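Per-entry structural report
In case you want the letters, here they are:
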Amino acid sequence: MFLYNTLSRQEEEFVPLDGHTVRMYSCGLTVYNRGHIGNFRYFTAVDVLRRVLRHHAGYAMRHVVNFTDVDDRTILESQKAGVPLREYTDRFIEAFREDADTLGLEAVEENPRATDDANLRAMCEIIAALDERGHTYLSDGSIYFKIATMPDYGKLARLDHAGMKPGARVDTDKYEKEDARDFVLWKATSPGEPTWDFGVGPGRPGWHIECSAMARRLLGDTIDIHAGGVDLIFPHHENEIAQTECATGHPFARFWFHVEHLIMDDGEKMSKSVGNVYTVSDVLERGYRASALRYLLLSVHYRKQLKFSWANLDQAEEALKRLMDFLGRLERVAVEGTHPEIADRVAGARRDFGAMLDADVNVPGATGVMFDLVRTLNAAIDDGRLGTGDVPVVTGAFEWFDAILGVVALRRAEEARPPVPVEEIEQLIEARQAARRGRNFVEADRIRADLDARGIVLEDSPTGTRWKRK
RNA sequence: GGCGCCGUAGCCAAGUGGUAAGGCAGAGGUCUGCAAAACCUCCAUCCCCGGUUCGAAUCCGGGCGGCGCCUCCA
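This is a predicted model, so every value here is computed, not measured.

**Notes on the packing of aromatic side chains**
A full pass over the atoms with the stated rule returns 20 aromatic pairs. Judged by centre distance (5.5 Å) and plane angle (15 degrees), the rings of Tyr-137 and Tyr-144 are stacked. Taking the relative accessible area as the measure of exposure, Tyr-144 reaches 0% and is therefore buried. Ring centres 5.1 Å apart and planes at 15 degrees place the aromatic pair Phe-145 and Phe-183 in the stacked group. Of this pair, Phe-145 sits in strand E6 (residues 142-145) while Phe-183 is found in strand E7 (residues 183-187), placing the two residues 38 residues apart along the sequence. For the pair Phe-145 and Phe-183, one class covers both residues: buried. Ring-pair connections join several aromatic residues into one group, and the members of that group are Phe-40, Tyr-42, Phe-43, Phe-67 and Phe-96.

**Description of the packing of helix H8 (residues 290-298) against helix H9 (residues 310-331)**
Their axes nearest at 8 Å, the elements H8 and H9 cross at an angle of 105 degrees. Considered as vectors, H8 and H9 are oriented roughly perpendicular to each other. Note on element contacts: H9 touches H8 through Asn-312, Leu-313, Ala-316, Glu-317, Ala-319 and Leu-320, opposite Ser-291, Ala-292, Leu-293, Tyr-295 and Leu-296.

**Remarks on the domain arrangement of chain A**
Annotation of chain A at the domain level lists domain 1 (2-264), domain 2 (323-415) and domain 3 (422-469). The centre of domain 2, based on its C-alpha atoms, is set 29 Å off from the matching centre of domain 3. Residue-level contacts link four residues of domain 2 with four residues of domain 3. Among the residues domain 2 hides against domain 3, the three largest losses belong to Asp-325, Arg-332 and Glu-415. Together they make up 82% of the total. Inspection of the domain 2/domain 3 interface yields one salt bridge. For Asp-325, the salt bridge is made with Lys-468, and the minimal N-O distance between the two is 2.7 Å.

Conventions adopted
- Residues numbered from 1 in each chain as written.
- Chains lettered and ligands numbered in written order.
- Predicted model: local features only at pLDDT ≥ 70, side-chain atom pairs only at ≥ 80, totals over all residues.
- Heavy atoms only, no water.
- Phe/Tyr/Trp six-rings, centres within 6.5 Å; stacked < 30°, edge-to-face > 60°.
- Buried < 20%, exposed > 50% of the residue type's maximum accessible area, 1.4 Å probe, protein only.
- Helix = DSSP H or I, 4+ residues; strand = E, 2+ residues; numbered from the N terminus.
- Axes fitted to C-alpha atoms, helices over the stretch in contact; angles between N-to-C directions.
- Parallel < 35°, antiparallel > 145°, perpendicular 65-115°, else oblique.
- Contact = heavy atoms within 4.5 Å.
- Domains from an automatic or database assignment.
- Buried area = accessible area lost by both parts, 1.4 Å probe.
- Salt bridge = Lys/Arg side-chain N within 4 Å of Asp/Glu carboxyl O.

As structure tokens, this is what we get:
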């Protein structure tokens, strides 16, 4: 398969270094707040990449997603809340797990948090190695990385520092730095701040060092894929490269996978600092389903900005309904027989779907292939050219599609918890059938409208009445 | 000011040199007690202007517009 690599700015064929296990690190949340749907656009994109690597390319995974549970904001917010740092960040880690579960993200192999001893120790080992090799200096009790000691610094972001806007915002750090681009590895702490001492003196981690350390400890010196949002390219990922490569002497990540932003209708990036933020639970409270949200998040290629709007979410819901209606219909096929042309058509769709995934995870292209197949098969069902003998081939294909998309499984889990008890629905359907037999259509329509208002839709067919969630 | 991305139908969105996938919405039809679902039909020449080419939405140049990064940020 081919993946776009930010490092080379082009698509490259991807094969894990050892040929069978993908070692992937994706930057996780800073847990001072609940993640918003922009964050989850990224997590969902990485989830699909992971699923493609596993279920399509057939690789084993060793995938690490961290929690940044110490930085200026987590410290500040926990102090404001009057809660110990660890306890404060625990809440948002728990919230993340809930949201991840709601959106059907596959569990990853490791979820380290920065303040675990093993990770702090790993950070200090890197810092010590950098110090030995002359890449650091001390200023005001903090340890800095010295950019000037790394000739190829900037190879990922490719920023032209000569052309940077003069003045203003380059050096906002309150500490003394020799060069504006130097960054802190280990921060001096002020009284009352959490402090650790694992061999480089008391202090707390700089932002970038944790990812380098956790990736190295759990995945080794060179990893296959490092993922993040595009906003992390600079400075975060650039600095991770600097630290790790100068400490180990090996290339850090072979592929850099960056996901574009989700932006709001009004055209602004959704971010905590701007304040235009919706969480997964906000979306659910508006009456939308998580499956629809997941579908929407997948409906734009990961390297393009996704403009979020409630109208788009409505459209996603409708598209998903079409898919679910088809799958339901498939289960009810009664005509016997097997048709080789159906198997051919399905095989073709599987091939095309896979080709889309191979081309830099083209999910919108892949869903196009899938819906094309839905129409063909719906038509085949209509005129009896799809028999019970064909059904397993078809369901097999759609199960595979969903192993990647993960949207049908979510929807089915939601269906298992209808807003009206199943027993009651069935009683009402029975009552309505009796009314219809007596040609009392007023009563029949009343029951249908009543259920509709409660979120249950009825559909009549020659073989009886079916219900589904709205 | 520097670097980069993007601009495809009413909406969302693939396609990046060979004559516009898919979804939503809309119109007409078939089916239905009525609906729903489903099917059939219809609905774009790709922001603008130049250029390269037998041929461009796709490549090049110039505009216009939107967004991102350069600062914490998925």
